[in-house]
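Each chain is listed here by its residues.
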Amino acid sequence: MITQQTRQLSFEDIKQKRKIRYEQILDRLLTGVKTAKEIAVELFEIGLIPSTERNYTAPRLTELEKMGLVQVINKKKCDYTGKMVAVYQITPEGIERRFGK
């Protein structure tokens, strides 16, 4: 019983942190199209994540894309890695979600 309760509390904590990250990513995309790395760099610069590692944003972008809140609109050569990467844009549904309409 105790392990079920602690497991549930942990799950709820993760779920809340994921929701916060979704909102942070959507906020960044409100200012224009960006790659996962560019979003990570911006979040790091404003003190919301501990490093510029794209793994703080890429998994959440995939989830947001599956929810229809962001979409891949292009690809480009990453300014940081030199690799071809996806460029994301917030959708009208993402804007609605962000502003609670």
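Note that this is a predicted model, so its numbers are computed, not measured.

Caption draft 1: Structural detail: the confidence of the model for the chain. In this model, the chain carries a mean pLDDT of 91, and residues with pLDDT of at least 70 account for 92%. For the chain, per-element mean pLDDT is lowest for helix 1 (residues 2-29), which scores 80, and highest for strand 1 (residues 70-77), which scores 98.

Caption draft 2: Expanded view of helix 2 (residues 36-45). Of all the ten residues making up helix 2, seven are buried; the element is thus mostly covered by neighbouring parts of the structure. Along helix 2, the residues that are buried comprise Ala36, Lys37, Glu38, Ile39, Ala40, Val41 and Leu43.

Caption draft 3: Structural detail: the pairing of strand 2 (residues 84-90). Two elements, strand 1 and strand 2, share seven bridges in a ladder whose sense is antiparallel. Paired with Val72 across the bridge in strand 2 is Tyr88. In this structure, the hairpin formed by strand 1 and strand 2 is closed by a connection of six residues, where Gly82 is found at a positive phi of approximately 80°.

Caption draft 4: Representation of the side chain of Glu23 in the model. Residue position: Glu23 is located in helix 1. Setting aside anything within four residues of it in sequence, one finds Glu23 in contact with Arg97 and Arg98.

Caption draft 5: Representation of the side chain of Lys37 within the structure. Its place among the elements puts Lys37 in helix 2. One buried charged side chain, Lys37, makes no salt bridge at all; its nearest oppositely charged neighbour is Glu53, positioned 5.5 Å away. In terms of polar contacts, Lys37 uses its side chain to reach the backbone carbonyl oxygen of Thr52, at 3.0 Å.

Caption draft 6: Molecular detail of the pattern of salt bridges. Summed over the entire model, instances satisfying the criterion amount to nine salt bridges. Across the pair Arg28 and Glu42 runs a salt bridge, and its minimum N-O distance is 3.0 Å. Of this pair, Arg28 sits in helix 1 while Glu42 is found in helix 2, placing the two residues 14 residues apart along the sequence. The salt bridge partner of Asp79 is Lys76, with a shortest N-O separation of 3.9 Å. Overall, Asp79 belongs to the exposed group, its relative accessible area being 61%. When salt bridges that share partners are traced, they join Glu23, Asp27, Arg97 and Arg98 into one network.

Procedures and definitions
Residues numbered from 1 in each chain as written. Predicted model: local features only at pLDDT ≥ 70, side-chain atom pairs only at ≥ 80, totals over all residues. Heavy atoms only, no water. pLDDT = per-residue confidence, 0-100. Helix = DSSP H or I, 4+ residues; strand = E, 2+ residues; numbered from the N terminus. Buried < 20%, exposed > 50% of the residue type's maximum accessible area, 1.4 Å probe, protein only. Pairing = 2+ DSSP bridges. Contact = heavy atoms within 4.5 Å. Lys, Arg positive; Asp, Glu negative; His and termini not counted. Salt bridge = Lys/Arg side-chain N within 4 Å of Asp/Glu carboxyl O. Polar contact = N/O pair within 3.5 Å; in protein donor to acceptor, adjacent residues only side chain to side chain.

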